[in-house]
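Architecture at a glance
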Number of protein chains: 2
Amino acid sequence: MYRARIEVSLKSGHSDPEGEMTAQSLKELKFSAKNVSVSKVYTVFFEAESREKAEEAVEEMCRRLLANPTKDNYRFEIEEAK
Amino acid sequence: MYRARIEVSLKSGHSDPEGEMTAQSLKELKFSAKNVSVSKVYTVFFEAESREKAEEAVEEMCRRLLANPTKDNYRFEIEEAK
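Before going into details, it helps to say that this report is about the structure given with it. Everything numeric in this text was worked out from a predicted model, so none of it was measured.

**Concerning the overall build of chain A**
Summing up its helical and strand segments, chain A has two helices and three strands in all. Mapped from its N terminus to its C terminus, chain A presents α and β elements in the order β-α-β-α-β. Over its C-alpha trace chain A gives a radius of gyration of 16 Å, far above what one expects of a compact globule, namely 12 Å for 82 residues. Its C-alpha atoms give chain A principal-axis dimensions of roughly 50 × 30 × 15 Å. Per-residue burial over chain A gives 37% buried out of 82 residues. Taking contacts inside chain A between residues at least 6 apart in sequence as the whole, the part at least 24 apart equals 71%. As displayed, chain A offers around 5,000 Å² of accessible surface, 44% of which is attributable to carbon and sulfur atoms. A distance of 6 Å separates the average location of the 14 positive side-chain charges in chain A from that of its 16 negative side-chain charges.

The following block contains the structure:
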């Protein structure tokens, strides 16, 4: 069993409405927030035959489901899990 | 200026519908996903007079806006930013 921690964030230049709303709310609460961006972390437990296969699987998960190649960046770490 | 990286995740025992849907979608794509959980990372740039004040501000941002104390855990890192 492997555990992947996959972080998906917006590429620069793409609008981040959730980040903008959060910055606005923080300002309304009198915090001096200048800029907020929001990303998502997926923690996935999955089976793979080897570490190499695990990395290939996570790349494919990102490309096919978790990240939008037009607007998202992704990065991940994988470790063996019990 | 400080930069806080704040990760908000569900406490264990709380349902994670987005994680469940993601696991389901991964299974439909023939990945051997067993379990998926989703958390959010807020990257906030903000002004503070000192590191101590910056930490207090981020604690308060979490308590008042970013995390729901009933169901969320949060953790953060702060660094000085230009």
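So, next bit.
**Here we look at the pairing of strand S2 (residues 33-46) of chain A**
Looking at chain direction, strand S1 (residues 2-10) of chain A and S2(A) are connected through seven bridges and run antiparallel. In the strand pairing of S2(A), Ile6(A) is matched with Tyr42(A). Here 13 bridges tie S2(A) to strand S2 (residues 33-46) of chain B, and the two strands are oriented antiparallel to one another. Opposite Phe45(A), over in S2(B), you have Asn35(B) as the bridge partner.

**Quick look at the interface of chain B and chain A**
One widely used convention gives an interface's size as the accessible area the parts lose upon coming together. Listed by partner, the interface residues are 32 residues for chain B and 32 residues for chain A. For the pair chain B and chain A, the two sides together bury roughly 2,800 Å², of which 61% comes from carbon and sulfur. Per-residue buried area on chain B facing chain A is highest for Leu29(B), Phe31(B) and Leu65(B); these three make up 18% of the total on that side. Counting across the chain B and chain A interface gives four salt bridges. On the surface where chain B and chain A come into contact, there are 14 residue pairs in polar contact (both at pLDDT 80 or more). Sorting the residues of the side of chain B that touches chain A by element identifies strand S1 (2-10), helix H1 (17-28), S2 and helix H2 (51-66) of chain B as the ones contributing at least two each.

**Regarding the side chain of Thr43(B)**
Tracing the sequence through the fold places Thr43(B) in strand S2. Every residue in contact with Thr43(B), bar those within four places of it in the chain, is listed here: Asn35(A), Val36(A), Ser37(A), Arg3(B) and Ala4(B).

**Some thoughts on the packing of helix H2 (residues 51-66) of chain A against H1(B)**
With their axes 11 Å apart at the nearest point, H2(A) and H1(B) run at an angle of 110 degrees to one another. Classified by the angle between their axes, H2(A) and H1(B) sit roughly perpendicular to one another. Contacts between H2(A) and H1(B) involve Met61(A), Leu65(A) and Leu66(A) from the former and Thr22(B), Ser25(B) and Leu26(B) from the latter. Split into classes, the residues belonging to the contact of H2(A) with H1(B) amount to four nonpolar, two polar and no charged.

**Points about the relation of the copies chain B and chain A**
Expressed as a screw operation, the relation of chain B to chain A combines 0.0 Å of axial shift with a rotation of 180 degrees, fitting to an RMSD of 0.0 Å. Taken together, these values place the two copies in the relation of a two-fold axis. For chain B, the minimum C-alpha distance to the rotation axis belongs to Lys40(B) and amounts to 2.3 Å. Taken as a fraction of all interface residues of chain B, those also at the interface in chain A reach 100%, which identifies the copy contact as same-surface.

**Some remarks on unusual backbone geometry**
The residue Lys30(A) is not glycine, and still its phi comes out positive at about 75 degrees. Structurally, Lys30(A) can be placed in the loop between helix H1 (17-28) and S2.

**Let's talk about the environment of Ala54(A)**
All names here are of chain A. Its place among the elements puts Ala54 in helix H2. As for Ala54 and Glu80, which are separated by 26 residues in sequence, their C-alpha atoms are 9.6 Å apart. In contact with Ala54, not counting residues within four places along its chain, are Tyr2, Phe46, Ala48 and Ile78.

Here is what the cut-offs are and how they apply
Residues numbered from 1 in each chain as written. Chains lettered and ligands numbered in written order. Predicted model: local features only at pLDDT ≥ 70, side-chain atom pairs only at ≥ 80, totals over all residues. Heavy atoms only, no water. Helix = DSSP H or I, 4+ residues; strand = E, 2+ residues; numbered from the N terminus. Rg over C-alpha atoms; globule rule 2.2 N^0.38 Å. Buried < 20%, exposed > 50% of the residue type's maximum accessible area, 1.4 Å probe, protein only. Contact = heavy atoms within 4.5 Å. Areas by Shrake-Rupley, 256 points an atom, 1.4 Å probe, with all protein chains shown as cover. Lys, Arg positive; Asp, Glu negative; His and termini not counted. Charge placed at Lys NZ, Arg CZ, Asp CG, Glu CD. Pairing = 2+ DSSP bridges. Buried area = accessible area lost by both parts, 1.4 Å probe. Salt bridge = Lys/Arg side-chain N within 4 Å of Asp/Glu carboxyl O. Polar contact = N/O pair within 3.5 Å; in protein donor to acceptor, adjacent residues only side chain to side chain. Axes fitted to C-alpha atoms, helices over the stretch in contact; angles between N-to-C directions. Parallel < 35°, antiparallel > 145°, perpendicular 65-115°, else oblique. Nonpolar A, V, L, I, M, F, W, Y, C, P; charged D, E, K, R; others polar. Least-squares fit on C-alpha atoms with pLDDT ≥ 70 in both.

Remember that the coordinates give geometry; whether it matters functionally is a separate question.
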